[in-house]
Amino acid sequence: MTVPWTGGVLSLRPETPNDLQFRFDLFVRSRPPEWDQVRLPLEQLTQVMNQQFWAQTQTYLARFPDGRFDIVELDGQPIGRIVVNRTEERIHIVDQAIAPGMRNRGLGTAIMRQLMDEAAASGRIMSLKVSNANDPCMRLYSRLGFEVVEDTLEYIEMTWRAV
């Protein structure tokens, strides 16, 4: 699926087993504040990262068996990942990550607007959870009109509905 964006060809394609190393690298690079708090020797830290990656992978597959797991590409090169679970009443963003060097270019906004258009056309609500330590994503979602539904110690649940 191609996403409208003016800086190149932005597209989403289904994940394949060949994307495993990219996904792991993205997982590690997307969470520096979390990893910076873990004081372990590099070998043990790598082990923990690997365990967390596989735990997340298995949890998403188990909780969202009908979800769509996509790689975000710019001009044919992988730059991110998005997991979206669609039901009759909701489009739920399970996970979304853009490689750190590709952020702040409007890519995430373009992807979200495409999904918002889909939600509006089908009369569905959009929902997501974001770490309350993730200020850049909170600003993006707020700017796009998402509203806080629940604020817990770790996550903020937000929804968006077409007006």
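Everything numeric in this text was worked out from a predicted model, so none of it was measured.

Here is what the cut-offs are and how they apply
Residues numbered from 1 in each chain as written. Predicted model: local features only at pLDDT ≥ 70, side-chain atom pairs only at ≥ 80, totals over all residues. Heavy atoms only, no water. Helix = DSSP H or I, 4+ residues; strand = E, 2+ residues; numbered from the N terminus. Buried < 20%, exposed > 50% of the residue type's maximum accessible area, 1.4 Å probe, protein only. Phe/Tyr/Trp six-rings, centres within 6.5 Å; stacked < 30°, edge-to-face > 60°. Salt bridge = Lys/Arg side-chain N within 4 Å of Asp/Glu carboxyl O.

Q: Can you help me understand the environment of Thr 87 in this one?
A: Along the chain, the position of Thr 87 falls in the loop between β4 (77-86) and β5 (90-98). Classification of Thr 87 as partly exposed rests on a relative accessible area of 31%. Spatially, the C-alpha atoms of Thr 87 and Arg 23 are 25 Å apart, while their sequence positions differ by 64 residues.

Q: Is there a simple way to think about the environment of Pro 17 in this case?
A: As for its position among the elements, Pro 17 is in the loop between β2 (10-14) and α1 (20-29). The spatial distance from the C-alpha of Pro 17 to the C-alpha of Phe 146 is 33 Å, given a sequence separation of 129 residues.

Q: Got a minute to help me understand the packing of aromatic side chains in this structure?
A: The geometry of an aromatic ring pair is captured by the separation of the ring centres together with the interplanar angle, meaning the angle of the planes. For the structure shown, the criterion picks out four aromatic pairs. Residues Phe 24 and Phe 53 carry aromatic rings whose centres are separated by 5.4 Å and whose planes lie at 85° to one another, so their mutual orientation is edge-to-face. Here Phe 24, found in helix α1, pairs with Phe 53, found in helix α3 (residues 42-63); they are 29 residues apart in sequence, far enough to count as distant. The exposure class of Phe 53 is buried, given its relative accessible area of 2%. Ring-pair connections join several aromatic residues into one group, and the members of that group are Phe 24, Phe 27, Phe 53 and Trp 54.

Q: So what exactly am I meant to see when it comes to the pattern of salt bridges here?
A: Opposite charge on two side chains lets them pair, provided their charged atoms get close. Counted by the stated rule, this structure contains eight salt bridges. Here Arg 68 and Asp 70 are joined by a salt bridge, their closest N and O atoms 2.6 Å apart. The class of Arg 68 is partly exposed, set by a relative accessible area of 32%. Of the charged contacts in the structure, one is a salt bridge between Asp 95 and Arg 81, with a shortest N-O distance of 3.7 Å. Of this pair, Asp 95 sits in strand β5 while Arg 81 sits in strand β4, and the two are 14 residues apart along the sequence.

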